[in-house]
Amino acid sequence: MTPTPRQRTGLASAWSKTHSRVVGGQRPAPPDPPGEAEAAEATAPPAAANGRSWKYLSARLPADVHKKLRRLSVEKDVSLQEMVVDALRAYVEQQKES
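Participant: Where do I start with the overall build of the protein chain in this structure?
Facilitator: Scanning the protein chain from terminus to terminus reveals four helices and zero strands. For the protein chain, the proportion of its 98 residues judged to be buried stands at 5%. Total accessible area on the protein chain stands at roughly 9,400 Å², and carbon and sulfur atoms take up 58% of it.

Next comes the structure, spelled out in structure tokens:
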């Protein structure tokens, strides 16, 4: 059943009363105007390191694989991220050859 316009206004006023009771003075500040956000992005340092463009990847690894990678990274004194990137590059090269 779709609420009628009269019911909608009643729901809106009920929501505002409930919301003000729950949130009260803890309401977050409004977002910055678009002009200020663009200026902040323009002054931000470049995200690329070593002239590379990076993409973020979220992946799930089995716990035993992650544990082995962590141990190898400590033994070789290389960061875990560098180790995974090198492994993925090697895999890509291997797939190109075959």
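Participant: Before we go on, may I ask you to explain unusual backbone geometry in this structure?
Facilitator: For residues besides glycine, phi is generally negative; the peptide bonds are generally trans as well. Its identity as a non-glycine residue notwithstanding, Asp 77 has a phi of 55°, on the positive side. As for its placement among the helices and strands, Asp 77 is situated in the loop between helix H3 (63-76) and helix H4 (80-97). Given a relative accessible area of 73%, Asp 77 falls into the exposed group.

Participant: Would you mind going over H3 with me for this structure?
Facilitator: At 3.6 residues per turn, the α-helix brings residues three or four places apart onto the same side. Helix length check: H3 (14 residues) gives 20 Å between terminal C-alpha atoms against 20 Å at 1.5 Å per residue, within 8%. Looking one or two residues past H3, Asp 77 carries a phi angle of roughly 55°, positive in sign.

Participant: Please explain the packing of H3 against H4 as it appears in this structure.
Facilitator: Angle between the axes and distance between the axes are the two parameters that describe a pair of packed helices. Two elements in contact, H3 and H4, have axes whose closest approach is 9 Å; the angle formed by their N-to-C orientations is 110°. By the angle between their directions, the pair H3 and H4 is classed as roughly perpendicular. Contact residues: H3 offers His 66, Leu 69, Arg 70, Leu 72, Ser 73 and Lys 76, while H4 offers Leu 80, Met 83 and Val 84. Residues of the contact of H3 with H4, tallied by class, amount to five nonpolar, two polar and two charged.

Participant: Please clarify how the pattern of salt bridges should be interpreted in this entry.
Facilitator: Under the defined criterion, the tally for this structure stands at two salt bridges. Of the charged contacts, one joins Arg 89 and Asp 86 as a salt bridge, the two residues approaching to 3.9 Å between their closest N and O atoms. Highlighted residues: Arg 89 and Asp 86, both in helix H4, separated by three residues, approximately one helical turn.

Participant: Sorry, what's going on with the side chain of Ser 73 here?
Facilitator: Looking at where Ser 73 falls in the secondary structure, it is placed in helix H3. Exposure remark for Ser 73: the relative accessible area of 9% places this residue in the buried category. A distance of 2.7 Å separates a polar atom in the side chain of Ser 73 from the backbone oxygen of Arg 70. When neighbours within four sequence positions are excluded, Ser 73 is seen to be in contact with Val 78, Ser 79, Leu 80 and Met 83.

Thresholds, definitions, all that
- Residues numbered from 1 in each chain as written.
- Predicted model: local features only at pLDDT ≥ 70, side-chain atom pairs only at ≥ 80, totals over all residues.
- Heavy atoms only, no water.
- Helix = DSSP H or I, 4+ residues; strand = E, 2+ residues; numbered from the N terminus.
- Buried < 20%, exposed > 50% of the residue type's maximum accessible area, 1.4 Å probe, protein only.
- Areas by Shrake-Rupley, 256 points an atom, 1.4 Å probe, with all protein chains shown as cover.
- Expected span 1.5 Å × (residues − 1).
- Axes fitted to C-alpha atoms, helices over the stretch in contact; angles between N-to-C directions.
- Parallel < 35°, antiparallel > 145°, perpendicular 65-115°, else oblique.
- Contact = heavy atoms within 4.5 Å.
- Nonpolar A, V, L, I, M, F, W, Y, C, P; charged D, E, K, R; others polar.
- Salt bridge = Lys/Arg side-chain N within 4 Å of Asp/Glu carboxyl O.
- Polar contact = N/O pair within 3.5 Å; in protein donor to acceptor, adjacent residues only side chain to side chain.

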